[in-house]
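Fold and contact review
Residues per chain are reported as follows:
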Amino acid sequence: MSRIDETRSFIPVGIAVLTVSDTRTLENDKSGDTLAARIAEAGHELKARAIVTDDKDKIAAQVREWTLDPEIDVVITTGGTGFTGRDVTPEALEPLFEKRMDGFSEVFHRISYDKIGTSTIQSRATGGVANATFIFVLPGSPGACKDAWDGILKAQLDYRHMPCNFIEIMPRLDEHLKRGASSQK
C-alpha cells in the first residue's frame, strides 16, 4: 500500500480550478471552494480560479490557456460531467488530451461507489495530460470534489507519496515533444 516517505521534501505545485456552471458565482461555488481549501491545506498554490458557463468552446479555451501557463502544473475542473444536454466538459477537454488517464476515472468511480452506490455511473469524470499539464475533470458536487481530492489527488500530487506519484514524472511529460522537435532540426 502507499505511504509517505518523510526523507523526501514536499514540492508544491501550481493548480488552477475551473467551475463549469450556468448558475454558480464565486460567492456560491461550494465545489470550487472545497477544492481551493484542500489545495491550500495540502501546501500547493492556487494559481487561478474561474467560472465558465457550460459551453464547449469557453471551457476548452480557459483550460488550454492555463495549460500554456508555466506556473500552472495541474488543472481541476468541476461540473458538466453528467448526461444532460448542457453537460459538455468531457467533450470540451478530452480533445485537448495528449494522453488519457483511464485509471483516474476508474479509481474515482470505485471511491464514489463506496459512498453513493450505483449513482456513480451518472458521472463522466476523466483525466489526462495536455501541454505537460495534468487535467482532472470532476463532477460538480462538493462531495465528488472531496472524494477525488482526498482519495486520489492529494496523494498523487505529493512528491513524498510512494511507490510513485505525479510530481516525479512532471519533468518528463513533454519529452515526446522535445524528441520530435530535436529530430526535425
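Before reading on, note that the structure itself is shown above.
Our subject in this report is the structure included herewith.

Thresholds applied
- Along each chain, numbering runs from 1 in the same order as the chain's sequence is written.
- Per-residue local features of the predicted model are confined to residues with pLDDT of at least 70, and side-chain atom pairs are confined, for both listing and counting, to 80 or more; whole-chain, interface and lining totals are unaffected and use all residues.
- Here the side-chain values reflect all heavy atoms present in the structure, with hydrogen atoms and water set aside.
- Segments assigned H or I by DSSP are reported as helices when at least four residues long, segments assigned E as strands when at least two residues long, and all are numbered from the N terminus.
- We call a residue buried when its accessible area falls under 20% of the maximum for its residue type, exposed when it is over 50%, and partly exposed in between, using a 1.4 Å probe and counting protein chains only.
- Every residue pair with non-hydrogen atoms within 4.5 Å of one another is taken to be in contact.
- Under the convention used here, a 1.4 Å probe and the Shrake-Rupley method define accessible areas, while residue burial counts only the protein chains that appear.
- Positive charges are assigned to Lys and Arg, negative charges to Asp and Glu, while His and the chain termini are left out of the count.
- The location of each charge is read from NZ of Lys, CZ of Arg, CG of Asp or CD of Glu.
- Structural elements are reduced to axes, namely lines fitted to C-alpha atoms, with helices fitted over the stretch in contact, and the angle between N-to-C directions of any two is expressed from 0 to 180 degrees.
- The scheme is simple: roughly parallel for angles under 35 degrees, roughly antiparallel for over 145, roughly perpendicular for 65 to 115, oblique for anything else.
- Should the near helix be turned anticlockwise from the far one by less than a right angle, the crossing is termed left-handed; should it be turned clockwise, right-handed.
- Nonpolar residues are Ala, Val, Leu, Ile, Met, Phe, Trp, Tyr, Cys and Pro. Charged residues are Asp, Glu, Lys and Arg, and all others, Gly as well, are polar.
- The span expected for a helix works out to 1.5 Å for each residue beyond the first.
- The arc in question is traced by the directions running from the helix axis to the C-beta atoms.
- Polar contacts here mean pairs of N or O atoms no more than 3.5 Å apart (in protein, one a potential hydrogen donor and the other a potential acceptor; neighbouring residues in sequence count only if both atoms are side-chain atoms).
- Pairs were defined over the aromatic rings of Phe, Tyr and Trp, the Trp ring being its six-membered one, requiring ring centres within 6.5 Å. Orientation was assigned from the angle between planes: stacked under 30 degrees, edge-to-face over 60, tilted for the rest.
- Any Lys NZ or Arg CZ found within 6 Å of a ring centre and within 35 degrees of that ring's normal is scored as a charge over the ring.

So, on to the overall build of the chain. Broken down by element type, the chain carries 6 helices and 8 strands. In terms of overall dimensions, the chain has C-alpha extents of about 45 × 40 × 30 Å along its principal axes. A burial count over the chain gives 46% of its 185 residues as buried. Across the chain, every contact between residues at least 6 apart in sequence was considered, and the portion connecting residues at least 24 apart equals 76%. Total accessible area computed for the chain in this model is approximately 9500 Å², and 51% of it derives from carbon and sulfur atoms. Counting 23 positive and 28 negative side-chain charges, the chain places the averaged centre of each group 2 Å from the other.

Between helix H1 (residues 30-42) and helix H5 (residues 142-156), the shortest axis-to-axis distance is 8 Å and the interhelical angle comes to 25 degrees. Put simply, H1 runs roughly parallel to H5. Where H1 crosses over H5, the handedness of that crossing is right-handed. Seen from H1, the contacting residues are Lys30, Ser31, Thr34, Leu35, Arg38, Ile39 and Ala42; seen from H5, they are Pro142, Cys145, Lys146, Trp149 and Asp150. Among the residues forming the contact of H1 with H5, the class breakdown is 6 nonpolar, 2 polar and 4 charged.

Moving on, we get to helix H2 (residues 56-67). Residues separated by three or four positions in an α-helix point in the same direction, a consequence of the helix having 3.6 residues per turn. For H2, which comprises 12 residues, the first-to-last C-alpha distance of 16 Å matches the rise-based estimate of 16 Å (1.5 Å per residue) to within 8%. Those residues of H2 lying buried are Ile59, Ala60, Gln62, Val63, Trp66 and Thr67. An end-on view of H2 places all buried positions within 165 degrees of arc, on one side of the element. Pointing more than 90 degrees away from the buried face of H2 are the exposed residues Asp57 and Glu65. Summarising the contacts, the buried residues of H2 are in contact with strand E2 (14-20), strand E3 (45-52), strand E4 (74-78), helix H3 (89-93), strand E6 (126-130) and strand E7 (133-138). With a side-chain oxygen positioned 3.0 Å from the backbone nitrogen of Asp57, the residue opening H2 is Asp55.

What follows deals with the environment of Thr81. Within the fold, Thr81 resides in the loop between E4 and H3. For Thr81, a relative accessible area of 3% puts it in the buried group. Expressed as a C-alpha distance, the spacing of Thr81 and Val17, which sit 64 residues apart in the sequence, is 15 Å. Among residues more than four places away in sequence, those in contact with Thr81 are Asp87, Pro90, Gln122, Ser123, Arg124, Ala125, Val137, Leu138 and Pro139.

Within the structure shown, the criterion is met by 5 aromatic pairs. Their ring planes at 20 degrees and their centres at 6.5 Å tell us that Phe104 and Phe108 sit as a pair that is stacked. Here Phe104 pairs with Phe108, and both are found in helix H4 (residues 102-116), just 4 residues apart, close to one helical turn. Each member of the pair, Phe104 as well as Phe108, is classed as buried. Ring pairs connect the aromatic residues Phe104, Phe108, Phe134, Phe136 and Phe166, which therefore count as one cluster. The ring centre of Tyr159 lies 4.0 Å from the NZ or CZ of Arg8, which sits over that ring.

Everything listed here is a matter of coordinates, which is why it stays silent on function.
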